[in-house]
Amino acid sequence: GIGTDFGSNVMTSPLEIRRLHGGSTIQLTRNNDATSGDLGSLRFGNENYTELARIVSQQDGATNAGNLIFKTATGGSSAERLLITSSGLVGINSNPGAALEVNSGDSYDVAIFNSFHADGPLIPIQRSGNNIGFLGSGKNLAPSTGGADDLALRSQANLIFTAGGGTERLRI
């Protein structure tokens, strides 16, 4: 139904625009007990009905778990570009095995961190919400001697360099 108040979550059609508790919801629902497959998608295409981009929700191995997939097309071929799993992991061009996984394929650049701040970039590294170190410009990490175009690494405790499978080589 479209524009109807529903007192329950019983699906009456595959596409519903609902008014629940004063808010509005567009709901795409599949009516079966499958644990995999598409739940719904929003497809973007051209005048030839060629899919150029798509946002898809899929069940993730259970009737109560779903992921979200963003796809784009190049050269007429659609491919998954971003995945948010049911457990909250995010993958860019990958099926993530960590909180964030980025796969650049055969591209040299994996990620670019850019800052227009006068002092340059600063990337905090944290454990349990506390800073344990920083990667950034020399101006940010050693303000009295570093410059905005210098690259600096700072640890809040020991700075340890390892090689050969984790063998400590230098501790500062």
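Procedures and definitions
- Residues numbered from 1 in each chain as written.
- Predicted model: local features only at pLDDT ≥ 70, side-chain atom pairs only at ≥ 80, totals over all residues.
- Heavy atoms only, no water.
- Helix = DSSP H or I, 4+ residues; strand = E, 2+ residues; numbered from the N terminus.
- Contact = heavy atoms within 4.5 Å.
- Areas by Shrake-Rupley, 256 points an atom, 1.4 Å probe, with all protein chains shown as cover.
- Polar contact = N/O pair within 3.5 Å; in protein donor to acceptor, adjacent residues only side chain to side chain.
- Pairing = 2+ DSSP bridges.
- Axes fitted to C-alpha atoms, helices over the stretch in contact; angles between N-to-C directions.
- Buried < 20%, exposed > 50% of the residue type's maximum accessible area, 1.4 Å probe, protein only.
- Salt bridge = Lys/Arg side-chain N within 4 Å of Asp/Glu carboxyl O.
- Patch = residues over 30% accessible without salt bridge, like charges linked within 9 Å, V, L, I, M, F, W, Y side chains within 5 Å.
- pLDDT = per-residue confidence, 0-100.

(A) Region of interest: the overall build of the protein. Helix and strand content of the protein: 1 helix and 14 strands. Restricting the contact set of the protein to residue pairs at least 6 apart, pairs at least 24 apart contribute 7%. With the model as given, the accessible surface of the protein reaches about 12100 Å², and the carbon-plus-sulfur share is 53%.

(B) Expanded view of the side chain of arginine 54. Looking at where arginine 54 falls in the secondary structure, it is placed in strand E5 (residues 51–60). For arginine 54, the side chain forms a polar contact with the side chain of aspartate 38, separated by 2.8 Å. Arginine 54 has contacts with Asp38, Ser41, Leu42, Arg43, Phe44, Ile69, Phe70 and Lys71, leaving out every residue within four places of it along the chain.

(C) Just the sheet that holds strand E7 (residues 77–84), in detail. Strand order in the open sheet formed by 6 strands is E4-E5-E6-E7-E8-E9, with mixed pairing between adjacent strands. Two strands bound the open sheet, and with one partner strand each, they are strand E4 (36–45) and strand E9 (100–102). Across this sheet, the average inter-strand angle for adjacent strands is 20°, counted without regard to direction. Pairing between E5 and strand E6 (residues 66–74): 7 bridges, direction antiparallel.

(D) Region of interest: unusual backbone geometry. At asparagine 93, a residue that is not glycine, the phi angle is positive and equals roughly 60°. Its location among the elements puts asparagine 93 in the loop between strand E8 (90–92) and E9. The exposure class assigned to asparagine 93 is partly exposed, which follows from its relative accessible area of 36%. The backbone of serine 128 shows a phi angle near 55°, a positive value even though the residue is not glycine. With respect to the helices and strands, the residue serine 128 is situated in the loop between strand E10 (122–127) and strand E11 (130–137). The exposure class of serine 128 is exposed, given its relative accessible area of 67%.

(E) Looking closely at the pairing of strand E13 (residues 160–163). Where E13 meets strand E14 (residues 167–171), 4 bridges bridge the pair, whose relative direction is antiparallel. Each bridged residue has a counterpart across the sheet, and for threonine 162 the counterpart in E14 is glutamate 168. Counting the residues between successive antiparallel strands, the hairpin from E13 to E14 contains 3 residues, one of them, glycine 164, with a positive phi of roughly 60°.

(F) Molecular detail of the pattern of salt bridges. The full count for this structure, using the stated rule, is 4 salt bridges. The closest approach of N and O atoms between arginine 54 and glutamate 51, which form a salt bridge, is 4.0 Å. The class of arginine 54 is buried, set by a relative accessible area of 17%. In the salt-bridge network here, residues are joined through shared partners; they are Asp38, Arg43, Glu51 and Arg54.

(G) A nonpolar patch on the surface, seen in detail. On the surface, Ile125, Ile132, Leu135, Leu151, Leu153, Phe161, Leu170 and Ile172 cluster together into a nonpolar patch covering about 760 Å² of accessible area. At the level of elements, E11 and strand E12 (151–155) are the ones that each hand at least two residues to the nonpolar patch.

(H) Highlighting the sheet that holds E10. One open sheet accounts for 3 strands, arranged E10-E11-E12; its pairing is antiparallel. Among the strands making up the open sheet, the edge pair consists of E10 and E12. Taking each pair of neighbouring strands and ignoring which way they run, the sheet shows an average axis angle of 15°. Pairing between E10 and E11: 6 bridges, direction antiparallel. Paired with isoleucine 125 across the two strands is glycine 133, which belongs to E11.

(I) Up close: the confidence of the model for the protein. The pLDDT averaged across the protein works out to 85; a share of 84% of its residues lies at or above 70. Per-residue pLDDT, averaged within each element of the protein, yields its smallest value for strand E1 (residues 2–5) (50) and its largest for E8 (96).

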